[in-house]
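# Structural overview for review
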Amino acid sequence: METRRISIMGATGSIGTSALDVVRHANRTGAVQFEIEALSAGSDAETLSAQALEFGARIAVIADETKLPELRERLAGSGVEAAAGVTAVSEAAARPVDRVLAAIVGAAGLDSTMAAVRAGNDVAIANKESIVCGGRLILEEAMRRNVRILPVDSEHSAIFQCLGDGRALDKLTITASGGPFRTATRERMRTATPAEAAAHPNWSMGIKNSIDSATLMNKALEFIEAGFLFDVSGEALEVIVHPQSIIHGMAHFTDGSVIAQLGAPDMKTPISYALGWPDRIETTVDRLDLAAMGRLDFEPVDDTRFPAIRLARQAYAEGAQATTILNCANEAAVSAFIAGQCGFLDISWIVEETLDRYFAGNMAEIGCGSVEEIALLDRFSREMARNVLETTQHGTGG
Ligand code: NAD
Ligand code: MG
């Protein structure tokens, strides 16, 4: 039986806990046995310590240093090492393993993703924001170190499964559920609360990813992620709305063939594919019953109600600076929305305004050639987004 050592960054989140479900089931039933080297979390010491104890992790790392005493106390006598701080998270990602699951949310995951790659660890990447900001850096480093980057995002996992050797490719499609406001008017969206925006019809996810799904900014980030991961131009990338979330992604070939990947909307499937590749791991995911479903629907994205995809196309065509600004302005805008400081439509509007300021030449001096430069641009973009929020008429979503 094959044994595989993995580490999970962002273990306590939606992806992290689903990954541990996959591991638990595989270890009970499967041909692959997983051992856990490191688990990390932002600030939830209670869940992190329980996970570390259950799975016999070597080390548990918490980003929030004030939680170290609690973590130590909960792990006392267990033999599981405890550490804290953002540097410790990246050091944990660099411990030699067969695969690191990068499941931290936001650009905060870039450091540890890069650390894993630099250490020569294969990376299962859920943390799309680190690809949107540092895609080229990560992929170039991965190439140099002969490291594999395996997609976890369901759309990208689908494409990875459909692509074959990638020859004679015409274009790639990623699907979007359309989120909770797929059929809503702008008037309705204007007054949407964080709780309404986070209530996703098909997928259960962390709060940030859920809000991003409601604005379609999640799909915008995935558009850019697909561009970087599969090295295709924006013209060769298509987003379509597919409310049932059964087809996740498709590869179109020059002979007219289209290969699609289908499955119930459950992240355990793509997580298991990325952890198990090149093997498939049995999961507990509901099996698909198309006859019972009866139909699958598709529609184009409405760029007027949902400007996010248009912004992603623009940013991706421009380059890594623009995609970093798009991502970081969005992170700032989503935080502001959750904190009740702006309306739902303001999120896309803040991103667009921040990008416009960049296009007008206000931020051109900051590059994207290193993790440090990206961190600087990240801070700058967030400040700019805050500035847009505070100095301009808002509440209308433009
Ligand atoms: P989540 O908020 O549920 O979990 C995030 C995890 O990261 C938690 O363990 C948290 O403790 C940790 N974390 C947060 N901030 C941190 C910081 N500053 N430093 C270190 N750790 C930190 O998020 P999620 O929904 O699991 O999403 C994780 C990533 O996967 C995101 O990039 C998201 O876009 C992507 N993703 C999620 C889904 C999904 O279904 N949830 C699907 C596809 C991709
Ligand atoms: Mg996705």
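Owing to the predicted nature of the structure, the values given are computational and were not obtained by experimental measurement.

Right, let's get into the site of ligand 1. Residues in contact with ligand 1 amount to 23 residues; listed here are only the nearest, Thr12, Ile15, Gly42, Glu129 and Asn209. Taking Asn209, its side chain carries an N or O atom lying 2.6 Å from an oxygen atom of ligand 1. Here ligand 1 has 830 Å² of accessible area as a free molecule, and 85% of this is covered by the chains. Looking at the shell around ligand 1, the elements that each hand over two or more residues are helix H1 (14-29) and helix H6 (128-145). In the shell around ligand 1, the residues fall into eleven nonpolar, nine polar and three charged. The residues that make up the shell around ligand 1 include at least three from each of domain 1 (2-151) and domain 2 (165-265 + 291-391).

A few words on the packing of helix H16 (residues 344-359) against helix H17 (residues 371-391). Between H16 and H17, the shortest axis-to-axis distance is 9 Å and the interhelical angle comes to 115°. H16 and H17 meet at a crossing whose hand is right-handed. When H16 is examined against H17, the residues Trp349, Ile350, Glu353, Thr354 and Arg357 are found in contact with a partner set consisting of Ser381, Met384, Ala385, Asn387, Val388, Leu389 and Thr391. A breakdown of the residues in the contact of H16 with H17 according to their chemical character gives six nonpolar, four polar and two charged.

Here the magnesium ion (ligand 2) is held by the protein donor atoms Asp153 (OD), Glu155 (OE) and Glu222 (OE), which lie 2.1 to 2.2 Å from it. Along the chain, the residues donating to the magnesium ion (ligand 2) are arranged with the sequence spacing D-x1-E-x66-E. Of this pair, Asp153 sits in the loop between strand S7 (149-151) and helix H7 (154-162) while Glu222 sits in helix H11 (residues 217-230), and the two are 69 residues apart along the sequence. For the pair Asp153 and Glu222, one class covers both residues: buried.

For the rest of this paragraph, the subject is the domain arrangement of the chain. Structurally, the chain comprises domain 1 (2-151) and domain 2 (165-265 + 291-391). Domain 1 and domain 2 are separated by 25 Å when their C-alpha centres are compared. Contacts between the two partners involve 21 residues from domain 1, matched on the other side by 25 residues from domain 2. Per-residue buried area on domain 1 facing domain 2 is highest for Lys128, Val132 and Cys133; these three make up 36% of the total on that side. In this structure, Lys128 and Glu222 form a salt bridge, with 2.8 Å as the shortest nitrogen-oxygen distance. Joining domain 1 to domain 2, the criterion identifies seven residue pairs in polar contact (both at pLDDT 80 or more). Those elements giving two or more residues to the side of domain 1 that touches domain 2 turn out to be helix H5 (110-118), H6 and S7.

Attention shifts here to the pattern of salt bridges. Taken as a whole and assessed by the stated rule, the structure comprises 30 salt bridges. Between Glu37 and Arg5 there is a salt bridge, with its nearest N and O atoms 2.7 Å apart. With Glu37 in strand S2 (residues 32-41) and Arg5 in strand S1 (residues 2-9), this residue pair connects regions lying 32 residues apart in the sequence. The exposure class assigned to Glu37 is buried, which follows from its relative accessible area of 5%. Notably, a salt bridge pairs Glu37 with Arg58, separated by 2.9 Å at the nearest N-O pair. Here the residue Glu37 occupies a position in strand S2, and Arg58 occupies one in the loop between helix H2 (45-55) and strand S3 (59-62), the gap between them amounting to 21 residues. One salt-bridge network, in which partners are shared between bridges, spans Arg5, Glu35, Glu37, Arg58 and Arg95.

With mixed pairing, the four strands of this open sheet are ordered in space as S9-S8-S10-S11. The open sheet has two edge strands, strand S9 (237-241) and strand S11 (258-262), and neither has a second partner. Neighbour-to-neighbour, the strand axes of this sheet turn through a mean angle of 20°, independent of strand direction. Bridge count between strand S8 (residues 169-176) and strand S10 (residues 247-253): five bridges; the pairing is antiparallel. Residue Lys171 lies in a different strand from S10, and its bridge partner there is His252.

Attention now goes to the side chain of Ser213. Relative to the helices and strands, Ser213 resides in helix H10 (residues 207-215). In this structure Ser213 comes out as buried when scored by relative accessible area, which is 7%. Within polar-contact distance, the side chain of Ser213 engages the backbone oxygen of Asn209 at 2.9 Å. When sequence neighbours within four positions are dropped, the list of residues in contact with Ser213 reads Gly178, Gly179, His200, Met205 and Asn218.

Thresholds, definitions, all that
Residues numbered from 1 in each chain as written. Chains lettered and ligands numbered in written order. Predicted model: local features only at pLDDT ≥ 70, side-chain atom pairs only at ≥ 80, totals over all residues. Heavy atoms only, no water. Near = heavy atom within 4 Å. Polar contact = N/O pair within 3.5 Å; in protein donor to acceptor, adjacent residues only side chain to side chain. Areas by Shrake-Rupley, 256 points an atom, 1.4 Å probe, with all protein chains shown as cover. Helix = DSSP H or I, 4+ residues; strand = E, 2+ residues; numbered from the N terminus. Nonpolar A, V, L, I, M, F, W, Y, C, P; charged D, E, K, R; others polar. Domains from an automatic or database assignment. Axes fitted to C-alpha atoms, helices over the stretch in contact; angles between N-to-C directions. Left-handed = near helix turned anticlockwise from the far one by under 90°. Contact = heavy atoms within 4.5 Å. Donors = N, O, S within 2.8 Å, 3.2 Å for Na, K, Ca; no water. Buried < 20%, exposed > 50% of the residue type's maximum accessible area, 1.4 Å probe, protein only. Buried area = accessible area lost by both parts, 1.4 Å probe. Salt bridge = Lys/Arg side-chain N within 4 Å of Asp/Glu carboxyl O. Pairing = 2+ DSSP bridges.

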